[in-house]
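# Commentary on secondary and tertiary structure
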Amino acid sequence: MDESGGSGQPRSGTDEATERHEGPQASTGPAADAPRPGPESPEDPTGPKPTEAGGSTETPQPAEGAEPATHHPSDESPATPRPSDEPPATPRPSDKPQAHPDPTDDPPSHFGAPSDPETTGAARTLAKSGSGKGRPPRREKGPGGGLLMGRPFGVPVYVAPSWFLVAALITWVFGGQLDRVLPELGALRYLVSLFFAVAFYASVLVHELAHTVAALRFGLPVRRIQLQFFGGVSEIEKESETPGREFVLAFVGPLLSLVLSGVFYLAMQTVEPGTVPGVLLGGLMISNLIVAVFNLLPGLPLDGGRMLRAVVWKITGKPMSGTIAAAWVGRALAVSVLIGLPLLTQSGALGDASEDIGGMDTVMDALLAAILAAIIWTGAGNSLRMARLREHLPELRARALTRRAVPVETSTPLSEALRRANDAGARALVVVDADGQPLSLVREAAIVGVPEHRRPWVAVSGLAQDLTDGMRVSAELAGEDLLDALRANPATEYLVVEESGEIYGVLSAADVERAFVKAMARPS
């Protein structure tokens, strides 16, 4: 989602299309059945020789009485333990599984050894998922980020803690102006000023609701509205599909602020100009006019910048070109505000010139200009980064990042499980029951923490994390949909399933993060 500052601008995410990438298909069957070779597993007439993970050549008897089983290298399903002196079964050439090529082109390493876990590839296991179709988990709402005020149109509205600071500042500044206009109010002027601050931010909320209603009308989900320092933000989670919708979505906010300014102007005609209602209505009219004009400035992250982006997008046919143009105009605008606003104020172009050029008024003008310029400059930079992110997000595909996994029963010793994984070229373990239904995922960090000499006596169930619905993700997820699924259910590993219910493999959050960093490092 675009992080944007200032008053009354939406920030949006991305709904760029994600590609469906065909991967190896697995057929499910009883856990004890020998797997059939997939299209990604070429035959090897020689077959691998079973070796103990970590270099050990023999497996001591576990203390719990569970005997580590020597496992057929081609088995990806739980095997019945055999006595340790029984020689391993001879692998059949047609059953030998082989890992997918490592997309990083790094040499393979033994699973369970302290190594760079970047060796990831599309893979599958033949255990049954037992969960039906692999559906992404429902996205949970993120943290509110302030005080919840209500849910108009079903969208939560939060007031950030910084709003109270701004409300106090507005109360103090407007109270000083009231002291000159209505000196008879005395201390009550601060109560009137507080009412003005609340009414002004109510106007900002109406501005944001205009963005929200337009977004919902276009079928774009809105995460929340937040009133904060110097305005409000509508967090629109997806980007508009067309430049026309983008233009409308950006324009409705300033348009409604102009309408509010006109309403307050008409209401002001019905009251005496020197009264409290007259001063309040005049202040609200001017403040809404300022909000509208400021947001119509043609630079990101302001609404006018989004309108400019839509125009360039329409002309060039490229959303990225529109973002780049509007962002650089926004940066130029930030410099203009930093330099021009204090000069205009002191010259009297925006009202009476300051009587004390070197005093407090000058410092406050410069400080205000610096804050506004920083907000615009930072927002423009964030818009560029988010556009670049949207450009690279489709490169993150669950299918391409998934690790090959082998199923093991709960009582399987860790050393035997690692031997099976290394023989299969796998880098993940799925704990299954007697029927092949997945129960939990063995955590890689927990494996690395077990010394090699202890692994024959440690059962995999003691290192596994129980599966929840949120830890099952679809192999077809990609881009922002994939990141949303992982953010909604934080975990270190996820079970990746096909739409048919078959288990495709295990996705490590660390692998996704590395792929994300690499994608962002590549030039646009």
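Structure's up top.
Residues numbered from 1 in each chain as written. Predicted model: local features only at pLDDT ≥ 70, side-chain atom pairs only at ≥ 80, totals over all residues. Heavy atoms only, no water.

### Some points on the overall build of the protein
Note the cut-off: Helix and strand definitions follow DSSP, with helices as H or I runs of at least four residues and strands as E runs of at least two, each counted in order from the N terminus. Only protein chains enter the area calculation, which uses a 1.4 Å probe; residues under 20% of their type maximum are buried, those over 50% are exposed, and those in between are partly exposed. When checking whether two residues touch, look at their non-hydrogen atoms; a contact exists if any pair is within 4.5 Å. Method for areas: the Shrake-Rupley scheme with a 1.4 Å probe, in which residue coverage is limited to the protein chains shown.
Of the regular secondary structure elements, the protein holds 12 helices and 12 strands. Looking at the protein residue by residue over its 524 residues, the buried ones come to 51%. Excluding contacts between residues fewer than 6 apart, the proportion of contacts in the protein whose partners are at least 24 apart in sequence is 70%. Just so you have it, the protein exposes about 23900 Å², and 63% of that area is on carbon and sulfur atoms.

### Let's talk about the sheet that holds strand 6 (residues 406–409)
Formally: Only strands joined by at least two bridges in the DSSP assignment are considered to pair. As a rule, the C-alpha atoms of each element are fitted with a line to give its axis, helices using only the stretch in contact, and angles between N-to-C directions run from 0 to 180 degrees.
Spatial ordering of the open sheet is given by 6-7-8-9, a layout of 4 strands whose pairing is mixed. The open sheet is flanked by strand 6 and strand 9 (464–466), the only strands paired with a single partner. Taking the axes of each pair of neighbouring strands and ignoring which way they run, one obtains an average angle of 40° across the sheet. The sheet contact formed by strand 8 (residues 438–442) and strand 9 spans 3 bridges and is antiparallel.

### Concerning unusual backbone geometry
Looking along the chain, the bond that leaves Leu-300 and enters Pro-301 is cis, with omega of 15°. By the secondary structure assignment, Pro-301 is in the loop between helix 4 (276–295) and helix 5 (303–316). Although it is not a glycine, Phe-153 sits at a positive phi angle of roughly 60°. A residue is classified by how much of its surface remains accessible, and Phe-153, at 58% relative accessible area, is exposed.

### Overview of the pairing of strand 11 (residues 493–497)
Rule in force here: With its strands directed away from the observer, a crossover is right-handed exactly when the path from the first strand over the helix to the second travels clockwise.
Of all the 5 residues making up strand 11, 5 are buried; the element is thus mostly covered by neighbouring parts of the structure. Burial of the side chains of strand 11 extends over both faces: Glu-493, Leu-495 and Val-497 are buried on one face and Tyr-494 and Val-496 on the other. Here strand 10 (residues 472–474) runs beside strand 11; their pairing, made up of 3 bridges, is parallel. Looking at strand 11, one finds that Arg-472 is bridged to Leu-495. Handedness of the β-α-β unit built from strand 10, helix 11 (residues 479–488) and strand 11 comes out right-handed. In this structure, strand 11 lies alongside strand 12 (residues 503–508), joined through 5 bridges in antiparallel fashion. Counted as the bridge partner of Leu-495 is Val-506 from strand 12.

### Focus on the packing of helix 5 against helix 6 (residues 319–347)
Applicable threshold: Here the angle decides the label: under 35 degrees means roughly parallel, over 145 means roughly antiparallel, 65 to 115 means roughly perpendicular, and every other value means oblique. Each crossing gets its hand from how the near helix is turned against the far one by less than a right angle, where anticlockwise is left-handed and clockwise is right-handed.
Relative to each other, helix 5 and helix 6 sit at 140°, their axes nearing to 7 Å. What the angle tells us is that helix 5 and helix 6 run oblique. Classified by chirality, the crossing of helix 6 by helix 5 is right-handed. Facing helix 5, whose interface residues are Gly-305, Leu-308, Arg-309, Val-312, Trp-313 and Thr-316, helix 6 presents Pro-319, Ser-321, Gly-322, Thr-323, Ala-325, Ala-326 and Val-329.

### Overview of the pairing of strand 5 (residues 231–236)
Counting buried residues along strand 5, 6 of its 6 residues qualify, which places the element largely inside the surrounding structure. What you see with strand 5 is no split at all: Gly-231, Val-233 and Glu-235 on one side and Gly-232, Ser-234 and Ile-236 on the other are buried throughout. Here strand 4 (residues 222–228) runs beside strand 5; their pairing, made up of 6 bridges, is antiparallel. Looking at strand 5, one finds that Arg-224 is bridged to Glu-235. Hairpin connection from strand 4 to strand 5: 2 residues lie between these consecutive antiparallel strands, with Phe-230 at a positive phi of about 65°.

### Comments concerning the packing of aromatic side chains
Applied cut-off: Within 6.5 Å between ring centres, the rings of Phe, Tyr and Trp (the latter by its six-membered ring) count as paired, and their orientation is classed by plane angle as stacked under 30 degrees, edge-to-face over 60, tilted in between. Over a ring means this: the NZ of a Lys or the CZ of an Arg is within 6 Å of the ring centre and within 35 degrees of the ring normal.
Tallied over the full model, the rule gives 5 aromatic pairs. The interplanar angle of 80° and the centroid separation of 5.1 Å between the aromatic rings of Trp-163 and Phe-164 together place this pair among those described as edge-to-face. Using a relative accessible area of 12% as the deciding quantity, one classes Trp-163 as buried. A relative accessible area of 46% means that Phe-164 is categorised as partly exposed. Taking the centre distance of 5.7 Å and the plane angle of 85° together, the rings of Trp-163 and Tyr-201 count as edge-to-face. Of this pair, Trp-163 sits in helix 1 (residues 161–181) while Tyr-201 sits in helix 2 (residues 188–217); the two residues are 38 residues apart in sequence, bridging distant segments of the chain. For Tyr-201, a relative accessible area of 3% puts it in the buried group. Ring pairs connect the aromatic residues Trp-163, Phe-164, Phe-200 and Tyr-201, which therefore count as one cluster. The ring of Trp-377 is capped by Arg-331, whose NZ or CZ atom sits 5.1 Å from the centre of that ring.

### Thoughts on the sheet that holds strand 11
If you trace the 3 strands from one edge of the open sheet to the other, you get 10-11-12, paired in mixed fashion. Strand pairing shows two members of the sheet lacking a second neighbour, strand 10 and strand 12, which therefore form its edges. With direction set aside, neighbouring strand axes in the sheet form an average angle of 35°.

### Details of the pattern of salt bridges
Put simply, the test is: For salt bridges, the criterion is a side-chain nitrogen of Lys or Arg within 4 Å of an Asp or Glu carboxyl oxygen.
Within the structure shown, the criterion is met by 17 salt bridges. The salt bridge partner of Glu-246 is Arg-306, with a shortest N-O separation of 3.1 Å. Of this pair, Glu-246 sits in helix 3 (residues 243–268) while Arg-306 sits in helix 5, placing them 60 residues apart in sequence. Within the structure, one salt-bridge network assembled from shared partners comprises Arg-403, Arg-427, Glu-444, Asp-511 and Arg-514.

### Notes on the environment of Pro-277
As for its position among the elements, Pro-277 is in helix 4. A relative accessible area of 40% means that Pro-277 is categorised as partly exposed. Residues Pro-277 and Val-192 lie 85 residues apart in sequence; the distance between their C-alpha atoms is 9.6 Å.

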